[in-house]
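Analysis of the macromolecular model
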Amino acid sequence: MAKTKKGEPRPANAAAPQNGAPADGDDAALNRELLRSMLLQRRFEERCAEAYAIGKIGGFCHLYIGQEAVSTGSLSLLRDDDYVITTYRDHGQALARGITPRAVMAELFGRIDGCARGKGGSMHMFDRNTNFLGGHGIVGGHVPIAAGVGFAIKYRGGDQVIICFMGESVVNTGAFHEALNMAGLWKLPCVFLIENNRYGMGTALERASAIHDIHERGAAYNMHRDFCDGQDVFAVRKTVGEAIDRARREQQPTLIDVRTYRFMGHSMSDAVSGTYRSKAELDEYLKRDPIALLRAHMQDAGQITDDEVHALDEEIKGIVQDSWDFADASPEPPLEALYEDVYVDTTS
Ligand SMILES: Cc1ncc(C[n+]2csc(CCOP(=O)(O)OP(=O)(O)O)c2C)c(N)n1
């Protein structure tokens, strides 16, 4: 199990492979951590759908089911002092970064023990302890913030990196281009990671973008660029790992097109599929469920048995139930809390 700098075990964030360590795929202990992280997100999101349906969660709610290899693969490579920023589809990444299921579920329920004290909700997970800088609702709005964090790291002489997750629709917003230009110009330690799940709400990438190999947009900003299979957690780790190294050692940004698919609708307002894609297409992608692929790899390699998978699944369901019970018992923030956290107090 990976250790934090303070020596505490940190299950979700396994360390990046070192020279001489077994290649990804051969490392049974690492694979178990990856499977656990992905399964936790899956079971958590299934319960979120249920909680939303019975009114425990209000507002918007975008599920992450199908994309778990992206969060787990990339965030399993980060150090504790690195940074993460993302969009509204943020529950899975919050969990993979190590925010507790209790704090994420309480946030979803709008309760005081949530990671943003119940004020953010589904789209605005935030946690200073894990350098998780949100959860942002405006498409593309967080990309300049990522560039700003990259600038701050460099200005202070640090060797941290920031991973900035975004949907593929973001590449058509102005903020994306402004931020990538600055990151390319100033050589900022940013990994711009596009979670390309093929649809922005109901609009296919091909109907919205003049080019389809969207990582090529990085060429305009003199930036390294790459793409990978987002259903294969090992492929994600390899490609994102190279980008993290480049950011950390050379302070060079990278734009990555991680090709994935969301198994649910855009949000709980179109929870299942929608009219914009065919059932045949969905069925085709369901065959490449990232969790099933990793599990099959581990079973073939003799790294896990059916019974062990079952036991792990049961344990995780228990953790998610505990998070639900915890969130349900947590109080709503008091009315006065409306006036807190509005301005930063710079006087004390
Ligand atoms: C500036 C802005 N325009 C429109 C919206 C409405 N909106 C919310 S999600 C979304 C689609 C974004 O798709 P994508 O970036 O591919 O991410 P995904 O939802 O697929 O993860 C849109 C247009 C918004 N939130 N912000």
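It should be noted that the structure appears before, not after, this text.
Okay, so let's go over this structure.

Rules and cut-offs
- Residues numbered from 1 in each chain as written.
- Predicted model: local features only at pLDDT ≥ 70, side-chain atom pairs only at ≥ 80, totals over all residues.
- Near = placed C-beta within 6 Å.
- Nonpolar A, V, L, I, M, F, W, Y, C, P; charged D, E, K, R; others polar.
- Helix = DSSP H or I, 4+ residues; strand = E, 2+ residues; numbered from the N terminus.
- Contact = placed C-beta atoms within 7 Å.
- Pairing = 2+ DSSP bridges.
- Right-handed = clockwise from strand over helix to strand, strands pointing away.
- Axes fitted to C-alpha atoms, helices over the stretch in contact; angles between N-to-C directions.
- Parallel < 35°, antiparallel > 145°, perpendicular 65-115°, else oblique.
- Left-handed = near helix turned anticlockwise from the far one by under 90°.
- Expected span 1.5 Å × (residues − 1).
- Buried ≥ 20, exposed ≤ 12 C-beta atoms within 10 Å, placed from the backbone.
- Arc of directions from axis to C-beta.

What follows covers the site of the ligand. Around the ligand, 13 residues are found, and the nearest of them are R89, V139, G167, S169 and G200. A class-by-class count of the residues in the shell around the ligand yields five nonpolar, six polar and two charged.

Moving on: the environment of G59. Mapped onto the elements, G59 comes out in the loop between α1 (28-53) and α2 (68-75). The spatial distance from the C-alpha of G59 to the C-alpha of S122 is 7.7 Å, given a sequence separation of 63 residues. Sequence-distant contacts of G59, defined by excluding residues within four places in its chain, comprise G121 and S122.

What follows is about the pairing of strand β6 (residues 224-229). Here six bridges tie β6 to strand β7 (residues 254-259), and the two strands are oriented parallel to one another. Counterpart to H224 in the pairing with β7 is T254. As for the winding sense of the linkage, the β-α-β connection from β6 through helix α8 (residues 233-250) to β7 is right-handed.

With that settled, consider the packing of helix α4 (residues 101-108) against helix α11 (residues 306-329). Each packed pair of helices is defined by two parameters, the angle between the axes and the distance between the axes. Where α4 meets α11, the closest approach of the two axes is 8 Å, and the angle between their N-to-C directions is 45°. The orientation of α4 relative to α11 falls into the category oblique. Seen from above, α4 lies across α11 with right-handed handedness. Touching P101, R102, M105, A106 and L108 of α4 are I319, V320, S323, W324, F326 and A327, all from α11. The residue makeup of the contact of α4 with α11, split by class, is nine nonpolar, one polar and one charged.

Given a rise of 1.5 Å per residue, 13 residues ought to cover 18 Å, and the 19 Å separating the end C-alpha atoms of helix α6 (residues 174-186) matches this to within 8%. Taken as a whole, α6 has its buried residues at F176, A179, L180, A183 and G184. The arc that holds the buried residues of α6, viewed along the axis, is 130°, so those residues lie on one side. Taken together, the buried residues of α6 touch α5 (143-155), β3 (190-196) and β7. Positive phi appears at K187, one or two residues downstream of α6, with a value of about 55°.

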